[in-house]
Amino acid sequence: MTDRRIPLALDRVRLTYPDGDRRLTALDDVGLRVAAGELVAVAGPSGSGKSSLLAVAATLLRPDAGTVRLAGQDVGVLRAAARTALRRRAVGIVFQQPNLLPSLTSVEQLLVTAHLRGGRRALRRATERRRAEELLESVGLDASRRRRRPHRLSGGERQRVNIARALFGTPQVLLVDEPTSALDHERGARVAELLREVTRTHGTATVLVTHDLGVLGRADRVLHMTDGRLAE
Ligand code: ADP
Ligand code: MG
């Protein structure tokens, strides 16, 4: 049952971690379907399993049970190399900490991703550079900020670069982990608004994990995570 309009579908997913001589259940029978162009927020207290959910959706962790379909592919049947290729092609990830490289300008943060994906030639291509500039402009970075290294950007601007970088590979699925946790309320709200815009413009299936209640109003749907269980 593949649906092109549902780039991300988790069904009956269970994930456990080793915990002494027992197992800790991080995801307990989780189901989630996210449509193209939809922004789903997942709220829940610290330790409830939100980051684990994103890690499974990103194919970074393999669930103990259940299925993950990404861009129409059943991830569970893929070998490691194919899984990595699918992740690179279909998923954009925005972690809590922007993890920008200190020596690179904003534009270069995006281009280095193209370099890793497409080899040396991609880095030289003028079209790649133009696309990086356009994406950064679309997330609100003016020309001078596009030339700056991260230490000369504010926390909110760094998070914008982070989001533009995740979009650079034209992902169908965008996974965002607590992007506003390091920002004050107003900057947090602007980043949430930006995520809503990019979800519409780029048509991504976006999952936004947060414990910031102010962010939830921007979402199309809000789900709550409690002790590894997900509910509307
Ligand atoms: P959240 O993002 O909502 O704070 P997490 O997904 O990080 O929740 O964690 C869910 C549960 O799994 C927590 O009890 C956490 O301590 C545990 N956990 C997370 N990562 C690991 C890990 N690598 N090894 C063992 N336990 C982990
Ligand atoms: Mg977390």
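Below, the structure is looked at part by part. All values reported here derive from a predicted model rather than from experimental measurement.

Counting buried positions along strand β8 (residues 205-210) gives six out of six residues, so the element sits mostly inside the fold. Here β8 shows no split at all, with Ala205, Val207 and Val209 on one side and Thr206, Leu208 and Thr210 on the other all buried. Pairing of strand β3 (residues 39-43) with β8 involves five bridges; the strand directions are parallel. Within β8, the residue paired with Ala41 across the bridge is Leu208. Where strand β7 (residues 173-177) and β8 come together, five bridges link them in parallel fashion. Along β8, the bridge assignment pairs Leu175 with Val207. Tracing the backbone out of β7, into helix α8 (residues 185-202) and back to the parallel element β8 gives a crossover that is right-handed.

Below, the discussion takes up the packing of helix α5 (residues 126-138) against helix α7 (residues 155-167). For any two helices packed against each other, the geometry comes down to the angle between their axes and how far apart the axes lie. Two numbers describe how α5 lies on α7: the axes approach to 9 Å, and their chain directions differ by 135 degrees. On the basis of their axis angle, the class for α5 and α7 is oblique. The hand of the α5/α7 crossing is right-handed. Contacts from Arg131, Leu135 and Leu136 in α5 reach Val161, Ala164 and Leu167 in α7. In terms of residue class, the contact of α5 with α7 is built from five nonpolar, no polar and one charged.

Rules and cut-offs
Residues numbered from 1 in each chain as written. Chains lettered and ligands numbered in written order. Predicted model: local features only at pLDDT ≥ 70, side-chain atom pairs only at ≥ 80, totals over all residues. Heavy atoms only, no water. Buried < 20%, exposed > 50% of the residue type's maximum accessible area, 1.4 Å probe, protein only. Helix = DSSP H or I, 4+ residues; strand = E, 2+ residues; numbered from the N terminus. Pairing = 2+ DSSP bridges. Right-handed = clockwise from strand over helix to strand, strands pointing away. Axes fitted to C-alpha atoms, helices over the stretch in contact; angles between N-to-C directions. Parallel < 35°, antiparallel > 145°, perpendicular 65-115°, else oblique. Left-handed = near helix turned anticlockwise from the far one by under 90°. Contact = heavy atoms within 4.5 Å. Nonpolar A, V, L, I, M, F, W, Y, C, P; charged D, E, K, R; others polar.

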